Amino acid sequence: MGPGPSDVAPRVLAALSRPTIGHLDPLFVSLMDDIKLLLQYAFQTKNELTLPVSAPGSAGMEACFVNLLSPGDTAIVCQNGVFGGRMRENVERCGATAIMVEDDWGKPVDPEKVERALRDHPEASVLAFVHAETSTGTRSDAATLCKLAREHDALVIMDTVTSLGGIELKVDEWGADAVYSGSQKCLSCVPGISPVTFSPRAVERIQARKHKVQSWFLDMQLVMGYWGGDSKRAYHHTAPVNTLYALHETLVMLEEEGLENAITRHHRNHKALVAGLEAMGLRMAVDEAWRLPQLNSVCIPEGVDDAGVRTRLLRDFDLEIGAGLGALAGKTWRIGLMGHASRERNVILCLNALETALQADHQKVDSGAALQAAADFYASSIS
C-alpha cells in the first residue's frame, strides 16, 4: 500500500507465465492490436498513436519530450512536486528552455500562474504538467490547463502515471497532446511498461521535425512502424512479450469492471480510509478538493518516529506504506490504494496496523475508533 508498485492480481501474474512467442508472431501482432484498443479505452481517446513503450513510466515521459521538443524550443513546465522537476530535466536535455511555474508541494498547479507564463512567453510550444503528483498525493485541474494551452497554441505534455485507471482522465475531451503513464500504479500490472498516447496535432509536430530525435529507441517515427495499424510490422525492438501479456490482462480486467466503476471504487475506499485516519487523530496533507484517492498523503504527527512506524508495519503486518519525498520527507506518509490494492480489507488492515504501530510508538490513539469510523462509512455508502 505504498506509492507503487501496487499489488498485482492473480490473473495478471498467471498471464506472465504464458508461453513466450516471437514479437512478430501473428498471434502477438493480434495481441498488440487488442492492447492498443484497450489503452484507447483507458485513456478515453481515439488517438491512432496509442501504444505501450517497452520501458517504465520514465521512458514514456522521455518519449513525449524528445519527440515534441528540439534544440532552441521553449516549454513551460509546472512543478508542485518531484516529478515536475524531472520534466524540467527532460526539457533541458532536449536543448530547449524550461520556463518554470512553481507551486507549493501539496497544492495543485495554479492556472492563473500558467496563463501568465503562456502570455509572457508566446514562443512556448509546449505546456507540461503532472496530473496526479505521486510525491504529494495532489491532483491538478488538467481540463483547465489543457484549455489554456490550446488558447495559446501550445501542445500539452501530461504525466498520468498515477492517475490512469484511478481517477477521471479524458484525453480527447480535455485536449491533451502527449500523455504518458505507468503499468504499476492503478493498472496494477508489473512495472516496466509505459502506456503513451499522442494526438493528431502531436503527430504532425513529430512528422514535421527538422532535427533528429535524440533517442533512437524512443523515436516515435520509428516506433510507429512497429506499432502501426497495418498488418506489416517493421522490426524495431524485441518487445517484452510476457510483460505485455500481463498488461493486456490487467486492461481486460479494467474493461470488465468498467472505468467509471473503477474510479468509484477508488473514491469509496479512499473516503473510508480518510474517515479512519481522522478518527485516529491524523490529518491529511492535501485539501479535500485536490486529494488523490489512490495516493493518500498523511501528515506525520510531531514526535512520531517516521521510519520506526513504517518498519513496524512492514515487519509485523507485512504492510508497506511510502515515506515522503523531497520537501515532504519526514513530514508525510503516502498510503496507496491503487488498482487491485484498493479494497475494503486493505483499508481495514492498514488502519488496524497503523493504530498498533502508533501505540507502540507511545502515541495516544483511541483504540478501535479508526476501524469503527471506516465501518460506519462502508455501512452508509453504496458498494
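The rules we used
- Residues numbered from 1 in each chain as written.
- Predicted model: local features only at pLDDT ≥ 70, side-chain atom pairs only at ≥ 80, totals over all residues.
- Heavy atoms only, no water.
- Patch = residues over 30% accessible without salt bridge, like charges linked within 9 Å, V, L, I, M, F, W, Y side chains within 5 Å.
- Areas by Shrake-Rupley, 256 points an atom, 1.4 Å probe, with all protein chains shown as cover.
- Salt bridge = Lys/Arg side-chain N within 4 Å of Asp/Glu carboxyl O.
- Helix = DSSP H or I, 4+ residues; strand = E, 2+ residues; numbered from the N terminus.
- Buried < 20%, exposed > 50% of the residue type's maximum accessible area, 1.4 Å probe, protein only.
- Pairing = 2+ DSSP bridges.
- Phe/Tyr/Trp six-rings, centres within 6.5 Å; stacked < 30°, edge-to-face > 60°.
- Polar contact = N/O pair within 3.5 Å; in protein donor to acceptor, adjacent residues only side chain to side chain.
- Contact = heavy atoms within 4.5 Å.
- Arc of directions from axis to C-beta.
- Axes fitted to C-alpha atoms, helices over the stretch in contact; angles between N-to-C directions.
- Parallel < 35°, antiparallel > 145°, perpendicular 65-115°, else oblique.
- Left-handed = near helix turned anticlockwise from the far one by under 90°.
- Nonpolar A, V, L, I, M, F, W, Y, C, P; charged D, E, K, R; others polar.
- Right-handed = clockwise from strand over helix to strand, strands pointing away.

A. A look at a nonpolar patch on the surface. Together, Trp216, Phe217 and Leu222 make up a nonpolar patch on the protein surface, roughly 290 Å² of accessible area in all. By the element assignment, Leu222 lies in helix H9 (residues 220–227). Judged by its relative accessible area of 34%, Leu222 falls in the partly exposed class.

B. Seen up close, the pattern of salt bridges. Inspection of the entire model under this criterion finds 18 salt bridges. Between Glu92 and Arg88 there is a salt bridge; the shortest N-O distance is 3.1 Å. Placement of both Glu92 and Arg88 in helix H4 (residues 82–93) is noted, with a separation of four residues, approximately one turn of the helix. Overall, the relative accessible area of 39% leaves Glu92 in the partly exposed class. The partly exposed category is assigned to Arg88, whose relative accessible area is 33%. For the salt bridge of Lys170 with Glu168, the shortest nitrogen-to-oxygen distance reads 3.4 Å. On the basis of relative accessibility, which here comes to 23%, the residue Lys170 falls in the partly exposed class. Here the residues in one salt-bridge network are Arg11, Arg18, Glu249 and Glu256, joined through shared partners.

C. Just the sheet that holds strand S11 (residues 295–299), in detail. Spatially, four strands are ordered S10-S11-S13-S12 in an open sheet, and the strand pairing comes out antiparallel. Two strands close off the open sheet at either side, each with one partner strand: strand S10 (283–284) and strand S12 (322–323). Two elements, S12 and strand S13 (residues 332–336), share two bridges in a ladder whose sense is antiparallel. By the bridge assignment for S13, Ala323 is matched with Trp333.

D. Seen up close, the packing of aromatic side chains. Taken as a whole and assessed by the stated rule, the structure comprises two aromatic pairs. Consider the rings of Tyr226 and Trp227, whose centres lie 6.1 Å apart with planes at 70°: the pair is edge-to-face. Summarising the burial analysis for this pair, Tyr226 and Trp227 share the class buried.

E. Quick peek at the side chain of Thr138. By the secondary structure assignment, Thr138 is in strand S6 (residues 138–139). Within the structure, the side chain of Thr138 is placed 3.5 Å from the backbone oxygen of Gly106, a separation counted as a polar contact. A distance of 2.9 Å separates the side chain of Thr138 from the side chain of Thr136, its partner in a polar contact. Excluding residues that lie within four positions of it along the chain, Thr138 makes contacts with Asn80, Gly106, Lys107, Pro108, His131, Ala132, Glu133, Val286, Trp290 and Leu292.

F. Structural detail: helix H6 (residues 142–151). Those residues of H6 that sit buried are Ala142, Leu145, Cys146, Leu148 and Ala149. Along the axis of H6, the buried positions cluster into a sector of 160°, meaning they face one direction only. Buried residues along H6 sit against helix H5 (111–120), strand S4 (126–130), strand S7 (155–159) and helix H7 (171–174). Following H6 by one or two positions, Asp153 has its phi on the positive side, about 55°.

G. Structural detail: the packing of helix H13 (residues 344–360) against helix H14 (residues 369–380). Where H13 contacts H14, the two axes come as close as 9 Å, and the packing angle between them is 160°. Classified by the angle their axes make, H13 and H14 are roughly antiparallel. Crossing of H13 against H14: the hand is right-handed. Contact with H13, carried on its side by Glu344, Val347, Ile348, Leu351, Asn352 and Glu355, involves Ala369, Ala370, Leu371, Ala374 and Tyr378 of H14 and no other residues of that element. Its residues placed into classes, the contact of H13 with H14 shows eight nonpolar, one polar and two charged.

H. Seen up close, the sheet that holds S7. Reading across from one edge, S1-S9-S8-S7-S4-S2-S3 is the order of the seven strands in this open sheet, with mixed pairing throughout. Because the sheet does not close on itself, it has two edges, and the strands there are strand S1 (49–53) and strand S3 (97–102). Neighbour-to-neighbour, the strand axes of this sheet turn through a mean angle of 15°, independent of strand direction. When strand S2 (residues 74–79) meets S4, the two strands line up parallel, connected through three bridges. Counted as the bridge partner of Ile76 is Leu127 from S4. On top of the sheet, H4 reaches S2, S3, S4, S7 and strand S8 (178–180); it is set at about 165° to S2, its chief contact.

I. Broad picture of the pairing of S3. Two elements, S2 and S3, share six bridges in a ladder whose sense is parallel. Following the sheet pairing, Ala75 is matched in S3 by Ala98. In the classification by handedness, the crossover that spans S2, the intervening H4 and the parallel S3 is right-handed.

J. Just the environment of Leu222, in detail. Sequence separation between Leu222 and His236 is 14 residues, and the spatial gap between their C-alpha atoms is 7.0 Å. The contact partners of Leu222, leaving out residues within four places of it in the chain, are Trp216 and His236.

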